[in-house]
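Structural description and commentary
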Amino acid sequence: MRLTLYTDYSLRVLLYLGAMNPEKLATIKEISDAYGISKNHLMKVTHELGKLGYIETIRGRGGGIRLAMKPQDIIIGQVIRQTEEDFYLVDCFNPESVGCIISPVCNLKGALNKALQAYLAVLDEYSLGDFLHSKEELASLLFNDE
C-alpha cells in the first residue's frame, strides 16, 4: 500500500508544526523550504488540514499556521483516513469499477480488506505526539533559525 503525496505532505506539515514552539506561527513558505516541496501543494494541504480542525490558520500580516490540537490528540490513522482519496487496493474495491471476472469466487478481496483494516488499526495506535519524542533533533533538521 502506498500513501498519496497529499497524505505524505499532510503528515509532514503536522510534524513540522508539532516540532515548533506552539506559540509561534509557521508559514507555508517555511514548510515548503524545509522539505523542498511545492508551495502550491502545501497551500491545498494546509487548507484541508484547517477545515479538518488539525491546524489553525491566521490570515494577514504576521499570520501563519499552527496546530489547533495537542499533538497527542491527533491520531495518525484518522489523519490518513481523512486525507487519502480512497483505499482501492485492487480494482474490485472500487464500487464504480466494471469488475473483475473472478469476483464472484475470489477470496482475495476479503484478505486484502482485512489487511487494510489491520494497517489502519496499527496507525490508530499512534498520535502525532508519539513521533515528537526527538523534537529537538527534528527541529534542528527543519528550522534554520533554531
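Presented here is a report on the structure given in the accompanying data block.

Quick notes on the rules
- Residues numbered from 1 in each chain as written.
- Predicted model: local features only at pLDDT ≥ 70, side-chain atom pairs only at ≥ 80, totals over all residues.
- Heavy atoms only, no water.
- Helix = DSSP H or I, 4+ residues; strand = E, 2+ residues; numbered from the N terminus.
- Buried < 20%, exposed > 50% of the residue type's maximum accessible area, 1.4 Å probe, protein only.
- Contact = heavy atoms within 4.5 Å.
- Areas by Shrake-Rupley, 256 points an atom, 1.4 Å probe, with all protein chains shown as cover.
- 1 Å grid on protein atoms, 1.4 Å probe; cavity = no way out; pocket = protein on both sides within 12 Å on 5 of 7 lines; lining within 4 Å.
- Points joined across faces, edges and corners; volume = space filled by probe spheres on them.
- Nonpolar A, V, L, I, M, F, W, Y, C, P; charged D, E, K, R; others polar.
- Core = buried A, V, L, I, M, F, W, Y, C linked by side-chain atoms within 4.5 Å.
- Arc of directions from axis to C-beta.
- Disulfide = S-S within 2.5 Å.
- Phe/Tyr/Trp six-rings, centres within 6.5 Å; stacked < 30°, edge-to-face > 60°.
- Lys NZ or Arg CZ within 6 Å of the ring centre and 35° of its normal.
- Salt bridge = Lys/Arg side-chain N within 4 Å of Asp/Glu carboxyl O.
- Expected span 1.5 Å × (residues − 1).

1. Describing the overall build of the chain
Along the backbone of the chain there are six helices and two strands. Taken from the N to the C terminus, the helices and strands of the chain come in the order α-α-α-β-β-α-α-α. The proportion of buried residues among the 146 residues of the chain is 30%. Long-range contacts, defined here as pairs at least 24 residues apart, represent 65% of the contacts in the chain between residues at least 6 apart. Put simply, the chain shows about 9,300 Å² of open surface, and 53% of that area lies on carbon and sulfur atoms.

2. As for the layout of surface pockets
Computed from the structure, the largest pocket encloses a volume of approximately 370 Å³. Along the wall of the largest pocket there are 14 residues; nearest its centre are Ile 28, Thr 46, Thr 57, Arg 59 and Ile 65. Looking at the lining of the largest pocket element by element, the count peaks at four residues for helix H3 (residues 39-51). A class-by-class count of the residues in the lining of the largest pocket yields five nonpolar, six polar and three charged.

3. Remarks on the nonpolar core
The tendency in soluble globular proteins is for nonpolar side chains to be buried side by side. Leu 14, Tyr 16, Leu 17, Ile 31 and Ile 55 are the most contacted members of the largest nonpolar core, which has 32 residues in total. Counting residues per element, the ones that place at least two in this core are helix H1 (5-19), H3, strand S2 (64-67), helix H4 (76-83), helix H5 (108-123) and helix H6 (135-142). With seven residues, the top contributor of residues to this core is H1. Those residues in contact with Tyr 16 that sit more than four places away from it in its chain are Ala 26, Glu 30, Ile 31, Ala 34, Tyr 35, Leu 142 and Phe 143.

4. Describing H4
Considered for burial, the residues of H4 that qualify are Ile 76, Gly 77, Val 79, Ile 80 and Thr 83. When H4 is viewed along its axis, its buried side chains cluster within an angular range of 160° and face the same direction. For H4, the secondary structure elements touched by its buried residues are H1 and H5.

5. Some points on the state of the cysteines
Under the defined criterion, the tally for this structure stands at zero disulfides. Here Cys 100 is not disulfide-linked; the sulfur of Cys 106 is the nearest cysteine sulfur, at 6.6 Å. Residue classification places Cys 106 among the partly exposed residues on the basis of a relative accessible area of 28%.

6. Digging into the packing of aromatic side chains
Inspection of the entire model under this criterion finds three aromatic pairs. Clustering of aromatic rings is evident, with ring pairs tying together Tyr 16, Tyr 35 and Phe 143. In this structure, Lys 109 packs its charged tip against the face of Phe 93, placed 5.9 Å from the ring centre.

7. Considering the pattern of salt bridges
A complete count under the given rule lists five salt bridges for this structure. Between Asp 8 and Arg 12 there is a salt bridge; the shortest N-O distance is 3.0 Å. Of this pair, Asp 8 and Arg 12 both sit in helix H1, separated by four residues, roughly a single helical turn. Between Lys 51 and Glu 48 there is a salt bridge, with the nearest N and O atoms lying 3.6 Å from each other.

8. Things to note about H3
End to end, H3 covers 18 Å across 13 residues, agreeing with the expected 18 Å (1.5 Å per residue, within 8%). By the burial criterion, the buried members of H3 are Leu 42, Val 45, Thr 46 and Leu 49. Take H3 and look down its axis: the buried residues cluster within an arc of 95°, on one side only. The exposed set on the far side of H3, more than 90 degrees from its buried face, consists of Asn 40, Lys 44 and Lys 51.

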